[in-house]
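A look at the structure
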Amino acid sequence: MSPVLRGRTLAVTATATALLATTLGLTTAAAATPTDPATATAAAEAAAKAAATAASATTTGKVLVIGLDGVVLDRVKAANAPHLKGLMAEGLTARSTLYANPMAATSSGPGWSTIATGVWPDQHGVKDNTFTGKNYGTHPDFLTRAENAKPALNTYAAADWEPLTSTDAGGPVFSAKVDKRLSLKGDRDGYGTEDPKTATAASAELRDGNPDASFVYFGQVDGAGHSYGAASQQYLDAIGRVDTLVGQLLTAVKARPAYAQENWKVLVTTDHGHTDAGGHGGSTLQERGTFVIAKGAGIPAGSVRDDVKLVDVAATALAQVGVPTTGLDGVPLDSADDDPFDSLRPALQARVDETGIPAGVKGFTHTPPAGWSVDNSKMGTGGVTEWAGWAFVTDEFWSQAQRDQWRELNVRSRDVFAVADSDEWDDKTHTGGFDSTLVTPKWAVTGGSTRTLDFQTHYRHEPGQTAQVLVSYNGGAPTVVKTYTADAVARAESLPLQIPAGATDVQVRFRYSGNNNWFWTVDNVRLG
């Protein structure tokens, strides 16, 4: 049986295969698929290196990011939007979710800052549309970052929401280092009037100029959402009008004289969602809903992914023009996904005891991935079924169990992650307390060396609960290496491990205990 490659692993393999086939004059059928996972991984890595060299010698990497304000993906699918649907059919569609307060509101300021900088609001500092606390000096937009790294690159930004490309209303998000900026006034003059002007100017620049990295924004769909609601026909009509403008941009790119010698990647994204009645800023899944649509070399046609985040837009754009992404929360779309938790998605179940989660959402399991285990020998009995010990869940599922208790702030976990939630478990009669331990496989190590335990975590603290990371060597007694005694919100952890002399393997445990306290999440656990 051929291996099932998921998420970024699929993208890496497809990128390497497509670019090599193009460079070497091969047909798709000539690029044979490896027959086992180890071979597939090795082949993907080798091919990616060769393809990168070949691509740099034969094509010029260019990227266009199209920003559509306040667009709901399901409404795109319902609208007359042939250009957007064409991109989805020819490339990638990835749903994603945002934060909520107190990290940031689901508003345009934080949303576009997250897209532009490739970091979350706790880094770029923008929490609402006042832009108070912005930290663009440390975390600049991706066009400015490209200019800083490679000044010879040509950059372009066009927008009619004033703060994006001008100093109005707390801006600019895209700095004056960008080679060319178009700033129109959609709030003042109307997005229905200004969006077409933006499209006309940007199309001319894309067709006749030589931008390497570009950002183009359209705002009228958000206006329709506020005026009529996302469930309205007027909202669908606005999507249709913006789709025509997107088509203008795509036509301009393809009309470039050197298009055949260029390697274009096009990304379409949005800054937040909208409720059916209209509005955003809060914590409902409708307001937190975003997406990334992407087309380009190595992106499989019609592909759908669950591991993409909004911060990946900037990282993907930078990688496309050869600029390092160090320091970003985002990762390029063709980065490998080797998180074993994500392999559980096909096995996820619908709710059992929970009532706040829609019945059709499949988002939890208690079955760990291969090699992992959960020790519930000290768990009480009863309680809410979904949270009886460590569970493996999605954000869509877990955050809807109870909103506005910081579950929405778990932004650095991707796709499926592990959670211990004594607060939700306690919502049904039980005996005893919550005490569950997540156990990793045994990993080979060399005695006397130093290794690093890396993982993403989101922990909300309350007196009376315990959260500990323990390690054991060669099957010995576990030793505590980390105890959480305060909130650790959406944190990337890196714990140094001094491997004892004579040790040949290490095993890690995540033990959480409490009773109607809060929660602890863990994701992407790896030994560096």
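In this text, all values refer to a predicted model and were calculated from it rather than measured experimentally.

1. Quick notes on unusual backbone geometry
Most peptide bonds adopt trans geometry, and most residues besides glycine take a negative phi value. Cis geometry is adopted by the peptide bond preceding P102, which originates at N101 and carries an omega value of 10 degrees. Within the fold, P102 resides in the loop between β2 (92-97) and α5 (108-117). Omega for the bond connecting G171 with P172 falls within 30 degrees of zero, at 5 degrees, which places this linkage in the cis form. Residue A169 is not a glycine yet carries a positive backbone phi of 55 degrees. Examined against the element boundaries, A169 turns out to sit in the loop between α8 (162-165) and β4 (180-183). A positive phi is found at D404, a non-glycine position, where the angle reads about 60 degrees. By the element assignment, D404 lies in the loop between α15 (395-398) and β13 (417-421).

2. Quick notes on the pairing of strand β6 (residues 262-269)
Of all eight residues in β6, eight are buried; the element is thus mostly enclosed. Across the two faces of β6 the burial is the same, with E262, W264, V266 and V268 and N263, K265, L267 and T269 all buried. Two strands pair when backbone bridges link them, and strand β1 (residues 60-68) and β6 are joined in this way by eight bridges, in the parallel orientation. Looking at β6, one finds that T60 is bridged to E262. Examined bridge by bridge, β6 and strand β7 (residues 289-295) share four bridges and lie antiparallel to one another.

3. Describing the sheet that holds strand β20 (residues 488-498)
Backbone hydrogen bonds are what pair the strands of a sheet, in a parallel or an antiparallel way. An order of β9-β12-β13-β22-β17-β20 is seen for the six strands of this open sheet, with the pairing classed as antiparallel. Both edges of this open sheet fall to β9 (364-365) and β20, since each of them pairs with a single strand only. Direction of pairing for strand β17 (residues 450-460) relative to β20: antiparallel, over a ladder of nine bridges. Within β20, the residue paired with Y459 across the bridge is A488.

4. Considering helix α7 (residues 142-149)
Residues separated by three or four positions in an α-helix point in the same direction, a consequence of the helix having 3.6 residues per turn. Counting buried positions along α7 yields six of eight residues, so the element is predominantly enclosed. Residues of α7 that are buried: F142, L143, T144, R145, A146 and E147. For α7, the secondary structure elements touched by its buried residues are β1, α5, β3 (155-159), β5 (213-218) and α14 (312-320). Between the side-chain oxygen at the start of α7 and the backbone nitrogen of L143 there is a gap of 3.0 Å, and the oxygen is on D141.

5. Notes on the pairing of β3
Within β3, five of the five residues are buried, which leaves the element mostly enclosed by the surrounding structure. Alternating residues of β3 divide into T155, A157 and A159 and Y156 and A158, and every residue in both groups is buried. Sheet analysis places β3 next to β5, joined by four bridges and oriented parallel. Looking at β5, one finds that T155 is bridged to A213.

6. Observations concerning the confidence of the model for the protein chain
The pLDDT averaged across the protein chain works out to 91; a share of 89% of its residues lies at or above 70. Taken together, the stretch residues 1-6 has pLDDT below 50 and engages in 16 contacts with residues farther than four places along the chain or on a different chain. The model gives residues 11-57 a pLDDT under 50, and that stretch makes 43 contacts with residues more than four places away or in other chains.

7. Here's the deal with the pattern of salt bridges
Counting across every chain of the model gives 23 salt bridges. For R188, the salt bridge identified is with D189, shortest N-O distance 2.9 Å. Residue R188 is classed as exposed on the basis of its relative accessible area, which comes to 60%. Between R414 and D312 there is a salt bridge whose closest N-O contact spans 2.7 Å. Highlighted residues: R414 in the loop between α15 and β13 and D312 in helix α14, separated in sequence by 102 residues. Each member of the pair, R414 as well as D312, is classed as buried. Salt bridges linked by common partners bring R407, D421, D423 and E424 together as one network.

8. Topic: the side chain of T106
Relative to the elements of secondary structure, T106 occurs in the loop between β2 and α5. A polar atom in the side chain of T106 sits 2.7 Å from the backbone nitrogen of G281. Setting aside residues up to four positions removed in sequence, T106 forms contacts with L98, Y99, H272, H280, G281, G282, E287 and R288.

9. Some points on the environment of D168
Looking at the element boundaries, D168 is found in the loop between α8 and β4. Overall, D168 belongs to the partly exposed group, its relative accessible area being 28%. Taking the C-alpha atoms as reference, D168 lies 9.8 Å from S183; in sequence the two are 15 residues apart. Contact partners of D168, with chain neighbours within four places excluded, come to E162, P163 and K185.

What counts, and where the lines are drawn
- Residues numbered from 1 in each chain as written.
- Predicted model: local features only at pLDDT ≥ 70, side-chain atom pairs only at ≥ 80, totals over all residues.
- Heavy atoms only, no water.
- Helix = DSSP H or I, 4+ residues; strand = E, 2+ residues; numbered from the N terminus.
- Buried < 20%, exposed > 50% of the residue type's maximum accessible area, 1.4 Å probe, protein only.
- Pairing = 2+ DSSP bridges.
- Contact = heavy atoms within 4.5 Å.
- Polar contact = N/O pair within 3.5 Å; in protein donor to acceptor, adjacent residues only side chain to side chain.
- pLDDT = per-residue confidence, 0-100.
- Salt bridge = Lys/Arg side-chain N within 4 Å of Asp/Glu carboxyl O.

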